[in-house]
Amino acid sequence: MRRFSRREFLLGAAATAVAGVARPALAADGGGITPERLEIVVPDLDPAHDGLRVAQLSDLHVGPKTPVETVRAAIAEANRFRPDLVVLTGDYLSHDKAGVALMREQLGGLEAPTLATLGNHDRWVDPRGAGAALEDLGYGCLENENTTLTLRHAPFTVVGIDDLWTRFADPPRAMKGAPAGSRLYLAHAPGTADILANWGKPMLVLSGHTHGGQVNVPLLTPAIRWIIREPYMGGLYQVEKVQLYVNRGVGNVGLGLRINAPPEVSLLTLRAGVTSPVVEPSRNVVGPGAAGDESRKSDPEWVDAIWKPS
């Protein structure tokens, strides 16, 4: 018998609780893709990249719980944006290694340069297979590493941080050798922003993982969020000096439906902002909300173990 994750169990409980009540909000086929358009001011962005267009897809979860029509609609929406860059922020697989072949069948066709990082499901199921499938499709897969592209005739660096949940995240290694100037950070788990905030430097991080809750109902969903300690459900957050955008994802896990959390393609336009000085990192890593919110501090031992700024 397949072992369900804690999050899947809670999703199932939520869906059972609202069965027959919230039917107008149910979408067994993914409910259609919602393009989320947003302009984000990025300090230290090269003026040449003012107006740069980035499309983000996340949590595609190919397999029986995610209709192929939804996946292909998401790819078409990303191409429709005519982006300079496409980024994929993890969880292409779900529970079965057969998903690697489905990745090759379903995830092709992105027309702009495309870079990706892995998620917890990819790490659990077949990280080598997932990475190879992405590379075979012509997409770069960043596993705690960075790469610099020439976009609009200027260098643009993408830093890919591996999955935090499975403890493969190594931000210092991912940033090693990255040049100054325009940068974008990819990290599947939104909680990575808590660690990056420790650096004290303005950053833009794109994440996924949460599915926007996937099953969102009053009272029950906030309780589940409290249990799993996940404050970053979807949208744009300010985590100290880090801007974090959390994509609701395209696919489904655990359940073949979404409730009040339609699948998303993020269509982000980057705007140049004021250059900010580097601040020495602090060990007091706090998420959004009032300073000193003890419920949102990252585990200090975990931070110390992987975060060693020079």
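Residues numbered from 1 in each chain as written. Predicted model: local features only at pLDDT ≥ 70, side-chain atom pairs only at ≥ 80, totals over all residues. Heavy atoms only, no water.

What to know about the sheet that holds strand E4 (residues 85–89)
- One open sheet accounts for 6 strands, arranged E2-E14-E3-E4-E5-E6; its pairing is mixed. Only two strands of the sheet have a single neighbouring strand rather than two, namely strand E2 (34–42) and strand E6 (140–141).
- Bridge count between strand E3 (residues 52–57) and E4: 4 bridges; the pairing is parallel. The residue bridging alanine 55 from the neighbouring strand is valine 86, located in E4. (Pairing = 2+ DSSP bridges. Helix = DSSP H or I, 4+ residues; strand = E, 2+ residues; numbered from the N terminus.)

Thoughts on the nonpolar core
- Membership of the largest hydrophobic core comes to 30 residues, with the highest contact counts inside it found for Leu57, Leu88, Tyr92, Met103, Leu110 and Leu134.
- When residues of this core are traced back to their parent elements, those giving at least two are E3, helix H2 (68–80), E4, helix H3 (99–106), helix H5 (127–136) and strand E14 (264–272).
- At 4 residues, the largest contribution of residues to this core is made by H2.
- Excluding residues within four positions of it along the chain, methionine 103 makes contact with Val62, Tyr92, Leu93, Gly108, Ala130, Ala133, Leu134 and Leu137. (Core = buried A, V, L, I, M, F, W, Y, C linked by side-chain atoms within 4.5 Å. Buried < 20%, exposed > 50% of the residue type's maximum accessible area, 1.4 Å probe, protein only. Contact = heavy atoms within 4.5 Å.)

Here's the deal with the pairing of E14
- For E14, the buried fraction is high: 7 of the 9 residues fall into the buried class.
- Here 9 bridges tie E2 to E14, and the two strands are oriented parallel to one another. Bridge pairing links leucine 38 to leucine 268 in E14.
- Examined bridge by bridge, E3 and E14 share 5 bridges and lie antiparallel to one another. In the sheet register, glutamine 56 faces E14, and the bridge partner there is serine 266.

A word on the side chain of threonine 166
- Mapped onto the fold, threonine 166 is located in the loop between strand E8 (154–161) and helix H6 (171–175).
- For threonine 166, the side chain forms a polar contact with the side chain of aspartate 163, separated by 2.6 Å.
- Setting aside anything within four residues of it in sequence, one finds threonine 166 in contact with Asn120, Arg123 and Trp124. (Polar contact = N/O pair within 3.5 Å; in protein donor to acceptor, adjacent residues only side chain to side chain.)

Things to note about the environment of arginine 258
- Among the secondary structure elements, arginine 258 is positioned in strand E13 (residues 258–259).
- Classification of arginine 258 as buried rests on a relative accessible area of 1%.
- Among the polar contacts made by the side chain of arginine 258, one reaches the main-chain carbonyl oxygen of glycine 251 at a distance of 2.7 Å.
- Among the polar contacts made by the side chain of arginine 258, one reaches the side chain of asparagine 252 at a distance of 3.2 Å.

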